[in-house]
Amino acid sequence: PTLTADPSAKLDILLPQLAEVVDEGHKALVFSQFTTHLAILRSRLDAQRIRYEYLDGRARDREERVERFRRDPDCGLFLISLKAGGFGLNLTEADYVFLLDPWWNPAAESQAIDRTHRIGQSRHVFAYRLIAKETIEEKIVALQQEKRALADAILGADYSVVRDLTREDLELL
């Protein structure tokens, strides 16, 4: 079997959700930090004849791809590498965001979700993170939560938490 034919629990869960979102007339952004993961998703979407647009760091026609996604009612999905979509995109047409893998820096994920939260957004936006159980992904999410709690304590001036910081907490920061 090829890489694209190998079983994938994430894609087995994601593909029916994407099909449902598109069937209901919604638009969705799908982010991954791995272009190889997006390539596998692309091949599965092609096999199901689901239209999408794609953007990674190598794209030279970025604006054309964005405009096709915005204006084509039959193009309900936009697959974007996390780094390529981290800035400069305003995609308020989307009301669903799927993050295929966690990133060490939670701000990068927030920036990806923020592509839909711009001036002109009039709908609720639903964001989903797909995390494989009992993998390094769970550890990344736990690390993100720890970093977020520590940052909130410091920025929020909760001095009792700051006073209780351990050497390990400071090294984590």
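Source: prediction; values computed, not measured. (Residues numbered from 1 in each chain as written. Predicted model: local features only at pLDDT ≥ 70, side-chain atom pairs only at ≥ 80, totals over all residues. Heavy atoms only, no water.)

A. The arrangement of the sheet that holds strand S3 (residues 77-81) in detail. On the basis of which strands lie adjacent, the open sheet formed by five strands has the order S2-S3-S1-S4-S5 and parallel pairing. For this open sheet the edge positions go to strand S2 (52-55) and strand S5 (126-129), each flanked by a neighbour on one side alone. Direction aside, the axes of adjacent strands within the sheet are offset by 15° on average. When S2 meets S3, the two strands line up parallel, connected through four bridges. Across the sheet, Tyr 52 pairs through a bridge with Leu 77, a residue of S3. In this fold helix H1 (residues 9-23) packs onto strand S1 (28-32), S3 and strand S4 (96-99), with an angle of close to 165° to the strand it touches most, S4. Sheet strands touched by helix H4 (residues 106-113): S1, S4 and S5. Its angle to S4, the strand with the most contacts, is close to 150°. (Pairing = 2+ DSSP bridges. Helix = DSSP H or I, 4+ residues; strand = E, 2+ residues; numbered from the N terminus. Axes fitted to C-alpha atoms, helices over the stretch in contact; angles between N-to-C directions. Contact = heavy atoms within 4.5 Å.)

B. Fine view of the side chain of Asp 95. In this structure, Asp 95 sits in the loop between S3 and S4. Within the structure, the side chain of Asp 95 is placed 2.8 Å from the side chain of His 26, a separation counted as a polar contact. (Polar contact = N/O pair within 3.5 Å; in protein donor to acceptor, adjacent residues only side chain to side chain.)

C. How the structure looks around unusual backbone geometry. In this structure, Arg 49 takes a positive phi of about 55° despite not being glycine. Looking at where Arg 49 falls in the secondary structure, it is placed in the loop between helix H2 (35-47) and S2. Among the residues examined, Arg 49 registers a relative accessible area of 75% and is labelled exposed. (Buried < 20%, exposed > 50% of the residue type's maximum accessible area, 1.4 Å probe, protein only.)

D. Region of the structure containing the packing of aromatic side chains. According to the stated counting rule, one finds five aromatic pairs in the structure shown. On the basis of an interplanar angle of 15° and a centroid distance of 5.2 Å, the ring pair of Phe 98 and Tyr 128 is categorised as stacked. Here Phe 98, found in strand S4, pairs with Tyr 128, found in strand S5; they are 30 residues apart in sequence, far enough to count as distant. Judged by its relative accessible area of 1%, Phe 98 is buried. Each residue in the set Tyr 96, Phe 98, Phe 126 and Tyr 128 is aromatic and connected to the rest through ring pairs, giving one cluster. Stacked on the ring of Phe 69, the Lys or Arg Lys 27 has its end atom at 4.6 Å from the ring centre. (Phe/Tyr/Trp six-rings, centres within 6.5 Å; stacked < 30°, edge-to-face > 60°. Lys NZ or Arg CZ within 6 Å of the ring centre and 35° of its normal.)

E. Region of interest: the pairing of S1. The element S1 is largely enclosed, with a buried count of five among its five residues. Burial along S1 is two-sided: Ala 28, Val 30 and Ser 32 facing one way and Leu 29 and Phe 31 facing the other are all buried. As paired elements, S1 and S4 share four bridges and run parallel to each other. Pairing of Phe 31 across the sheet is with Leu 99, part of S4.

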